[in-house]
Amino acid sequence: MTSQLQRQGSAAAVQGTGYTGDQGLPRLRRAPSSQSYQNGPQFNWSPASAGREKAEEGAVEPPKSLRSLPIPMALKRAICQVQQMHVPVLSSLQSWKRSKAKSLSRVRSYIGGFLNYITLWRKSLNKIGGNFGGGVQSYFLFLRFLVVLNFLSFMLIAGFVLIPSIVFRSVASGPMNITGPAECLQYDPNPQGLVKFHNYFLDLLTGTGFMESSYLFYGYYNNTMVAGSDFSYNIPLAYLFTAIFYFAFCLLCITARMGTAFRVAVATGGGAIGSYSRIVFTGWDFGCLGDRAMKLKQKNIIYQLQVDLEEERIKNKAATLTLGQKIFLYSLRIFLSLVAFGLIIAAFFSIFAATNFSQGKTGEVGVLGLFFEYLPSIVITAGNFVVPLLCDQIALLERYDPSITVIVALLRSVFLRMVSLSVLLFTLWNQITCKQRVSAEDCTLCHYNYKSYPCWETRVGQEMYKLALFDLIITIAMLVLVEFPRRMVVDGSSSKLAQWVGRQEFQVPANVLGLVYGQTVVWTGALFCPLLPVINTLKFVIVFYCKKITLFYNCRPATKTFRSTWATAFFLLVLLFGWSLGLLVLIYSMAQIHPSMSCGPFRSLISMWTIVPNSFYNLSQTSQDFLFYLGSQRFSIPLFLFFSVVMCYFIALASVHGKSVNLLKTQLKLEARDKQFLVKQIEELSRTLGVAR
């Protein structure tokens, strides 16, 4: 009986491949009947292109593909060889199309492989993800994105502002007419007399002296305009529009990357069950070659499973809390939030007082003058180090999920750093515009405090330059003076205190916050220090290698893991806060504060934005009419309606796709329940019939 069933099953299996049962047996081979071909799935032995052409002509029903047929792999290879032996008769046009498609496919694969090969820090990032998980890897991916963003931004600024200023500085038609009081036109940043060697080092740290008389800062650029018969270039207009396009370019890059990150986060699922299924069934990369790559991938999967198990454990524990325990937990969270907010307010007052004191000691020289110059940066860095460290400990006491803990700590630290930078700028602008302790007489003549700030844009750029440079110095000093000594003490000592302290953990929120803060400083000072993006590029490259060294040599794997998909999207969202702060500084500087009369490309204007209408009225009448039409209601209202229709279409499409995804998820759950029911029925039937497992 059993052998008969096996023979029937083998015959049925052969029939499922598209061949009849008699055809599958060597001794019973005969001409296949039409009935057998109609019952089994047909396969086209001719090449795929010929099958598609016949299907398009409607001559035959489209055959099933070779991949979808349940036949052995050896038989599939044989069929492929038979297909390759068929030489289809093609016209010259079809042959040209086929060769062109193959060439394009080959070029596309070569380009993709080349881009993958030259990807910045590709091997290092794979090694980091395998040893420390996707959460730590997301930090380094974020750092690489900022390096590329700053480098491309520098190329934009160099192409439209730096290189034209260098080229046209000697051939320009000369500065525009500058009118104003003689007191407002006095500005000479070049040092007089013999300069000692150590002063060059101090100038390098503070941005004064020879650094101030360079293309690094706003004050060195002229308000020249090159005009010829066939070519004209307006340096002030290019300077302003490049700054605007720079912010637009950064927004476009952040938005595009954020969309990709959110798509990945939504596709991978927000629940632990869906993530577990994805990791188990589709998590392995079969392209891994070598024991090292396989071990890294195994470690990466282990870290992802740890994240899911940790979040599921905390959710199950939160679900068992009683009403009294929930009230106590929420009260504790509110109290700890107030404590964290009080620490942030105290840091703000410290920055405000340090900035006022530093600006009052502007005339000091030497090492003491260097200390006063860096006093706001020192206070900001100290506050940004101490307060986030306390906020991280407070977030641990609030007992959130690991991913929520990262987000809460990051939000508090972001609020601290963004507002601390705002306090510094607010204090500077109060003194520049004479709205604080300076007498109003100093601002009546030139509309700004020309005695203390003869070129106030360069002064603001110097403050941003010092913040960026001091941040890099602190990063290197922490690596050399704190992290390496701590590792050597922990590894070389057997005392209980050293073992209790242990190696440090790589804190992703604090490190991401440092990147966001550094990029915000660049956006804030980009108008006043045009070469700040290239300085930040070099800084982030150094930071990458410093963090990589400290990660592999000084850190241990984190005990608290978190999901990296949503973290990547949230990092970019936090970066948008810094971009918004930089945009506010750009708008306020262009529209509200009077430009310096003694330096910069806007020295002859009442505001930076004035160059736009002045240049507009110098255009031809046709160009003016076209631009007026673009700004009129006849163009803007249809454009608004068009974008509204497109937006409604995509919203409806996203809604339909969301409903389809929910329907498929429900269907998967029902199928899982059906399988569980069938398994139970099989077990009950087995127990009833007494069949051994």
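Rules of the game
Residues numbered from 1 in each chain as written. Predicted model: local features only at pLDDT ≥ 70, side-chain atom pairs only at ≥ 80, totals over all residues. Heavy atoms only, no water. Helix = DSSP H or I, 4+ residues; strand = E, 2+ residues; numbered from the N terminus. Buried < 20%, exposed > 50% of the residue type's maximum accessible area, 1.4 Å probe, protein only. Contact = heavy atoms within 4.5 Å. Areas by Shrake-Rupley, 256 points an atom, 1.4 Å probe, with all protein chains shown as cover. Axes fitted to C-alpha atoms, helices over the stretch in contact; angles between N-to-C directions. Parallel < 35°, antiparallel > 145°, perpendicular 65-115°, else oblique. Nonpolar A, V, L, I, M, F, W, Y, C, P; charged D, E, K, R; others polar. Disulfide = S-S within 2.5 Å. Phe/Tyr/Trp six-rings, centres within 6.5 Å; stacked < 30°, edge-to-face > 60°. Lys NZ or Arg CZ within 6 Å of the ring centre and 35° of its normal. Core = buried A, V, L, I, M, F, W, Y, C linked by side-chain atoms within 4.5 Å. Left-handed = near helix turned anticlockwise from the far one by under 90°. Expected span 1.5 Å × (residues − 1). Salt bridge = Lys/Arg side-chain N within 4 Å of Asp/Glu carboxyl O. Patch = residues over 30% accessible without salt bridge, like charges linked within 9 Å, V, L, I, M, F, W, Y side chains within 5 Å. Lys, Arg positive; Asp, Glu negative; His and termini not counted. Polar contact = N/O pair within 3.5 Å; in protein donor to acceptor, adjacent residues only side chain to side chain.

*Asks:* Give me the lowdown on the overall build of the protein, citing residues and values where you can.
*Replies:* For the protein, the count of helices and strands is 23 helices and four strands. By residue count, 40% of the 693 residues in the protein fall in the buried class. Contacts spanning at least 24 positions in sequence make up 76% of the contacts within the protein whose residues lie at least 6 apart. Carbon and sulfur atoms provide 66% of the accessible area of the protein, an area that totals close to 40,300 Å².

*Asks:* Please provide a residue-by-residue account of the packing of helix 16 (residues 456–492) against helix 19 (residues 532–554), values included.
*Replies:* Packed helix pairs are characterised by how far apart their axes lie and by the angle those axes make with each other. At a minimum axis distance of 11 Å, the contact between helix 16 and helix 19 shows a crossing angle of 10°. Between helix 16 and helix 19, the interaxial angle falls into the category roughly parallel. In contact with Met 464, Tyr 465, Ala 468, Asp 471, Leu 472, Thr 475, Ile 476, Leu 479, Glu 483, Phe 484 and Arg 487 of helix 16, helix 19 contributes Leu 532, Ile 535, Lys 539, Ile 542, Val 543, Cys 546, Lys 547, Ile 549, Thr 550, Tyr 553 and Asn 554. Among the residues making up the contact of helix 16 with helix 19, the classes are represented as 14 nonpolar, three polar and five charged.

*Asks:* Provide a residue-level description of the state of the cysteines, including the pertinent values.
*Replies:* Disulfide: a covalent bond formed between the sulfur atoms of two cysteine residues. Across all of its chains, the model carries one disulfide by this definition. Here Cys 455 connects covalently by a disulfide to Cys 599, the sulfurs 1.9 Å from one another. On the sign convention where negative is left-handed, the bridge of Cys 455 and Cys 599, at about 95° about the S-S bond, is right-handed. Residue Cys 455 is located in the loop between helix 15 (441–444) and helix 16, and its partner Cys 599 is located in the loop between helix 20 (564–591) and helix 21 (611–616); the two are separated by 144 residues in the primary sequence. Each member of the pair, Cys 455 together with Cys 599, is buried.

*Asks:* I'd like a rundown of the packing of aromatic side chains, residues and numbers included.
*Replies:* Going through the model one piece at a time under the given rule, you end up with 26 aromatic pairs. Centroid distance Tyr 215 to Tyr 221: 5.5 Å. Interplanar angle 70°. Geometry classified as edge-to-face. Accessibility assignment for this pair places Tyr 215 and Tyr 221 in one class, buried. One aromatic cluster is present, formed by Trp 121, Tyr 139, Phe 140, Phe 506, Phe 544 and Tyr 545 through successive ring pairs. The ring of Phe 552 has Lys 127 sitting right over it, with the charged end atom 5.0 Å from the ring centre. Cation over ring: Arg 417 sits above Tyr 517, and NZ or CZ is 5.1 Å from the ring centre.

*Asks:* Can you explain the nonpolar core? Please cite residues and give values.
*Replies:* In summary, soluble globular proteins display a tendency toward joint burial of nonpolar side chains. With 110 residues, the main nonpolar core has Tyr 139, Phe 140, Phe 142, Trp 456 and Trp 523 as its most contacted residues. In terms of residues, this core owes the most to one element, helix 7 (residues 122–168), which gives 17 residues. Excluding residues within four positions of it along the chain, Phe 140 makes contact with Leu 125, Ile 128, Phe 506, Phe 544, Lys 547, Lys 548 and Leu 551.

*Asks:* Lay out the packing of helix 16 against helix 18 (residues 508–525) in plain terms, naming residues and giving numbers.
*Replies:* Helix 18 packs onto helix 16 with a crossing angle of 155° between their chain directions and a minimal axis gap of 9 Å. By the criterion of interaxial angle, the relationship of helix 16 to helix 18 is roughly antiparallel. Read as a crossing pair, helix 16 and helix 18 show a hand that is left-handed. Taking contact as the criterion, the partners of Met 464, Leu 467, Ala 468 and Asp 471 in helix 16 are, on helix 18, Gly 514, Tyr 517, Val 521, Thr 524 and Gly 525.

*Asks:* I'd like to hear about helix 23 (residues 633–689), residue by residue, with values.
*Replies:* Taking 1.5 Å of rise per residue, the 57 residues of helix 23 would be expected to cover 84 Å, and the 82 Å separating its terminal C-alpha atoms lies within 8% of that figure. Looking one or two residues beyond helix 23, the residue adopting positive phi is Gly 690, at roughly 75°.

*Asks:* Which residues make up the pattern of salt bridges, and what are the values?
*Replies:* Throughout the structure, instances matching the rule amount to two salt bridges. For Lys 466, the salt bridge identified is with Glu 463, shortest N-O distance 3.2 Å. Taken together, the residues span about one helical turn, with Lys 466 and Glu 463 both in helix 16 at a distance of three residues. By relative accessible area, Glu 463 is classed as buried at 2%. Taking the shortest distance from any N to any O, the salt bridge between Lys 539 and Asp 471 comes out at 2.9 Å. Of this pair, Lys 539 sits in helix 19 while Asp 471 is found in helix 16, placing the two residues 68 residues apart along the sequence. Of the two residues, Lys 539 and Asp 471, both sit in the buried class.

*Asks:* Help me get a handle on helix 18, residues and values and all.
*Replies:* The end-to-end C-alpha distance of helix 18 is 26 Å, a good match for the 26 Å that 18 residues give at a rise of 1.5 Å each. Here helix 18 lies mainly inside the structure; 17 of its 18 residues are buried.

*Asks:* Provide a residue-level description of the environment of Asn 614, including the pertinent values.
*Replies:* Along the chain, Asn 614 turns up in helix 21. Looking at Asn 614, the relative accessible area reads 37%, which means it is partly exposed. Spatially, the C-alpha atom of Asn 614 lies 9.7 Å from that of Leu 237, the residues being 377 residues apart in sequence.

*Asks:* An account of the side chain of Arg 412 is requested, with residue identities and associated values reported.
*Replies:* Inspection of the secondary structure puts Arg 412 in helix 14 (residues 402–432). Apart from residues lying up to four places away in sequence, Arg 412 is in contact with Ser 337, Ala 340, Ile 344, Cys 391, Ile 394, Ala 395 and Glu 398.

*Asks:* Account for a nonpolar patch on the surface, naming residues and giving values.
*Replies:* On the surface, Leu 120, Val 148, Phe 151, Leu 152 and Met 155 cluster together to form a nonpolar patch covering roughly 420 Å² of accessible area. Mapped onto the elements, Met 155 comes out in helix 7. Residue classification places Met 155 among the partly exposed residues on the basis of a relative accessible area of 46%.

*Asks:* Could you give an account of the side chain of Asp 203, with specific residues and numbers?
*Replies:* When you line up the elements, Asp 203 lands in helix 8 (residues 197–206). Despite its burial, Asp 203 pairs with no opposite charge, the nearest such side chain being Lys 466 at 11 Å. At a separation of 3.1 Å, a polar atom in the side chain of Asp 203 contacts the side chain of Thr 208. Those residues in contact with Asp 203, other than ones at most four positions away along the chain, are Thr 208, Gly 209, Phe 210 and Met 211.

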